[in-house]
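# Fold and contact review
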Amino acid sequence: MSDPVTVVLADDHVLVREMLQSWLAAEGIGVVGCSGTTDEALTLVAEHQPDVLVLDIELPGRSAFTIAREAVDVSPATRVLFLSAFVHDGYVRQALACEASGYLTKSEPPEVLVEAIRRVAEGGTRFSPEVLDRIVVDAHGARLMSGDVVRIELLTAREREVLAYVGRGLHHKQIARRMGLSVKTVQTHIANVMDKLDIHDRVDLARFAIREGLIEA
C-alpha cells in the first residue's frame, strides 16, 4: 500500500482551514501542517517536506508567488497548488511563472480539491475551468494564451508610477508633489488606471499594486 499524500495547507481563514483539513483527512490525505500566513507556510514546508503545498494566493505576509518559489527551493519534491477566490491574468501569469502544478478557484467543491491534490502529487496538473480559459496546457507545460494581455501591461509607465503611489496610500496632493504634476492631472491618471484595470476602489487598487509587485506588501 502506497504512503498517503501529505499536504501543507495555507489559508488565512481558520474555519476554511479546519473544514478542509477534516475533509482531506477523511479522504486519506495527510495534512501535516496548517498556516494562516505565507512565511509560516514556508517554515512548515521546510520542516515537513510535503508532497503538495496548497497555497491561498491572498495571504498575509510576503507574496504567495515568492513563497511558492522558495518552497520548492527548501523542498524540491513539493508541488504547489494555488487556491484563490479570484482569477486575474496577473495571478495566472505569476502562478505559471512559479511553475505551479495547479490553480483552483474557491468556488470548486471539496472533492475537486481532493482530486487535484492527488493528481498534482503524482506529477500532473489541475486548473479550474476559469483558469483554463486563459491558458494553454501542452507538452511544454502551461502558458497564457497567445495574444492575452495582462492588465498591468495596459498601463503607461506614468500610470504605473501613479498606481504605485496609490498602493502606498498617498493622496492626490501627495502624489502630485512627488511627481511634479497638478492634482487634476493625477486625478486623470487615476481615473484612467481604474478604467483600464476595471478596478474602481482605491483599496482594491492598492491590493492590485502589491500583487503585481509595484510595491512591497
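The coordinates are above.
For clarity, every value in this text was computed on a predicted model and none was experimentally measured. Counting from 1, residues in each chain are numbered in the order their sequence is written. For a predicted model such as this one, the threshold for reporting local features is a pLDDT of at least 70, and the threshold for listing and counting side-chain atom pairs is 80 or more; totals across whole chains, interfaces and linings nevertheless cover every residue. Side-chain metrics in this entry use all non-hydrogen atoms of the structure; hydrogen atoms and water are not considered.

## Details of unusual backbone geometry
Put simply, the test is: Each helix is a run of H or I in the DSSP string that is no shorter than four residues. Each strand is a run of E no shorter than two, and both are numbered from the N terminus. Here the term buried applies to any residue with accessible area under 20% of the maximum for its type, exposed to any over 50%, and partly exposed to those in between, with areas from a 1.4 Å probe on protein chains only.
A positive phi angle is found at Gln-49, which is not glycine, with a value near 50°. Relative to the elements of secondary structure, Gln-49 occurs in the loop between α2 (38-48) and β3 (52-56). A relative accessible area of 38% places Gln-49 in the partly exposed class. In the Ramachandran plot, Asp-198 falls in the positive-phi region, its phi being about 55° despite a non-glycine side chain. Residue placement: Asp-198 occurs in the loop between α9 (183-197) and α10 (202-211).

## Some points on the packing of helix α7 (residues 157-167) against α9
Basically, it comes down to this: Helix axes are fitted only over the stretch in contact, all axes being lines through C-alpha atoms; the angle between N-to-C directions runs from 0 to 180 degrees. Each angle is binned into one of four classes, with values under 35 degrees roughly parallel, values over 145 roughly antiparallel, values of 65 to 115 roughly perpendicular, and all other values oblique. Pairs of residues are marked as contacts when any of their non-hydrogen atoms sit within 4.5 Å. Classification used: nonpolar for Ala, Val, Leu, Ile, Met, Phe, Trp, Tyr, Cys and Pro, charged for Asp, Glu, Lys and Arg, polar for all others including Gly.
Relative to each other, α7 and α9 sit at 95°, their axes nearing to 9 Å. Here α7 is positioned roughly perpendicular relative to α9, judged by the angle of their axes. Of the residues in α9, those touching α7 at Arg-158, Glu-159, Val-162, Leu-163 and Val-166 are His-189, Ile-190, Asn-192, Val-193, Lys-196 and Leu-197. Of the residues assigned to the contact of α7 with α9, the class counts are six nonpolar, two polar and three charged.

## Examining the nonpolar core
Applicable threshold: Here, the term nonpolar core denotes a set of buried Ala, Val, Leu, Ile, Met, Phe, Trp, Tyr and Cys residues that are joined through side-chain atoms within 4.5 Å.
One finds Leu-53, Leu-55, Phe-65, Phe-82, Val-92, Tyr-103 and Val-131 to be the most contacted residues of the largest nonpolar core, which totals 28 residues. Mapped by element, the contributors of at least two residues to this core are β1 (6-10), α2, β3, α3 (64-74), β4 (79-84) and α4 (89-97). Counting residues per element, this core draws most heavily on α3, at five residues. Excluding anything up to four places from it in sequence, Val-131 contacts Val-87, Val-92 and Tyr-103. Of all hydrophobic cores here, the second largest spans 19 residues; its members include Val-166, Leu-170, Val-193 and Phe-208.

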